[in-house]
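# Structural features, examined
Each chain is listed here by its residues.
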Amino acid sequence: MGNQPSPATGSQPAPLLAVTGLGKSYRRRPVLRDVGLQAHPGQIVAVTGENGSGKTTLLRICAGLENPDTGTVHRRAGAGYCPQEPALFDLLTPAEHLALFAGGAEAATEGRELLASLGVPFRTRTLVRDLSGGARQKLSLALALLGEPGLLLLDEPYQGFDQGSYLDFWHHADAWRRQGRAVVVVTHLLTELDRADQVLELRNLAQGGPQE
């Protein structure tokens, strides 16, 4: 496996995410080179690779948070992005996060249901800074799911999860796939690759030469 994902079989609808010839360097140090990716409706795409191979950079570019040096990114659906490190407000509660990000009563109800399904406390006055690492990550994941985006960009979203929550995440991922969403998830656990429809393995350009 190299910088192109292993192909899926059969006739497929147009991809919700299409990445072509993507390249990115920081201070002349190449991180990504000629990366290609297509995520179709009803697919889970796993992005794997050693530390420093550009997995987080790739997802940030796909989410529109960074610009590539070369190549193109086309999204045909709204995207929900869950970063590896939750971007939350320490002095707000989970409920206050929903009020801030949900943008309406219907979305807030959806958010409460998402938090409940992920096991995040909602009605307490517990501040985010006092939540466990796993609960913070679940809140970040719930925020990414608000509005039912068709494309999910998830950067190791199960960081800090216990074993039960980790397995629950993959049950949720299967449900999102059945709903016709495209799920791109960064994982370093090679044992989970059989859960994906496609696998994109990135190489560390600083250590291992070009991404092949």
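Higher on the page you've got the structure.
Calculation criteria
- Residues numbered from 1 in each chain as written.
- Predicted model: local features only at pLDDT ≥ 70, side-chain atom pairs only at ≥ 80, totals over all residues.
- Heavy atoms only, no water.
- Helix = DSSP H or I, 4+ residues; strand = E, 2+ residues; numbered from the N terminus.
- Buried < 20%, exposed > 50% of the residue type's maximum accessible area, 1.4 Å probe, protein only.
- Contact = heavy atoms within 4.5 Å.
- Areas by Shrake-Rupley, 256 points an atom, 1.4 Å probe, with all protein chains shown as cover.
- Pairing = 2+ DSSP bridges.
- Axes fitted to C-alpha atoms, helices over the stretch in contact; angles between N-to-C directions.
- Phe/Tyr/Trp six-rings, centres within 6.5 Å; stacked < 30°, edge-to-face > 60°.
- Lys NZ or Arg CZ within 6 Å of the ring centre and 35° of its normal.

Another point: the overall build of the chain. Check the secondary structure of the chain and you find 6 helices and 8 strands. Helices (α) and strands (β) of the chain occur, in sequence order from the N terminus, as β-β-β-α-β-β-α-α-α-β-α-β-β-α. Out of the 212 residues belonging to the chain, those deemed buried represent 50%. Considering only contacts in the chain between residues 6 or more positions apart, those separated by 24 or more positions represent 75%. Working note: accessible area of the chain is about 10200 Å², and carbon and sulfur atoms make up 48% of it.

Right, let's talk about the sheet that holds strand β8 (residues 198-202) for a bit. Here 5 strands make up an open sheet; going across it, the order is β5-β6-β7-β3-β8 and the pairing parallel. In this open sheet, the two strands that pair with only one neighbour each are β5 (79-82) and β8. With direction set aside, neighbouring strand axes in the sheet form an average angle of 15°. Sheet topology note: the strand β6 (residues 151-155)/strand β7 (residues 182-186) ladder contains 5 bridges and is parallel. Directly across from leucine 153, in β7, lies its bridge partner valine 184. Set on the sheet, helix α1 (residues 55-62) makes contact with β3 (43-49), β5, β6, β7 and β8; between it and β6 the angle comes to about 150°. The sheet strands contacting helix α4 (residues 133-145) are β5 and β6, and the helix crosses β5 at an angle near 170°.

So, on to the packing of aromatic side chains. Inspection of the entire model under this criterion finds 6 aromatic pairs. Each ring, one from tyrosine 158 and one from phenylalanine 169, has its centre 5.7 Å from the other, and the planes form 65°; the classification is edge-to-face. You can see tyrosine 158 sitting in the loop between β6 and α5 (163-178) and its partner phenylalanine 169 sitting in helix α5, a full 11 residues away along the chain. Summarising the burial analysis for this pair, tyrosine 158 and phenylalanine 169 share the class buried. With centroids separated by 6.5 Å and ring planes inclined at 35°, the aromatic side chains of tyrosine 158 and tryptophan 170 adopt a geometry described as tilted. Here tryptophan 170 lies in helix α5 and tyrosine 158 lies in the loop between β6 and α5, a separation of 12 residues in the sequence. In this structure, tyrosine 158 and tryptophan 170 share a single accessibility class: buried. An aromatic cluster of at least three residues, connected via ring pairs, comprises Tyr158, Tyr166, Phe169, Trp170 and Trp176. When the ring centre of phenylalanine 161 is taken as reference, the NZ or CZ atom of lysine 138 above it lies at 5.5 Å.

So yeah, pure geometry; function would need other evidence.
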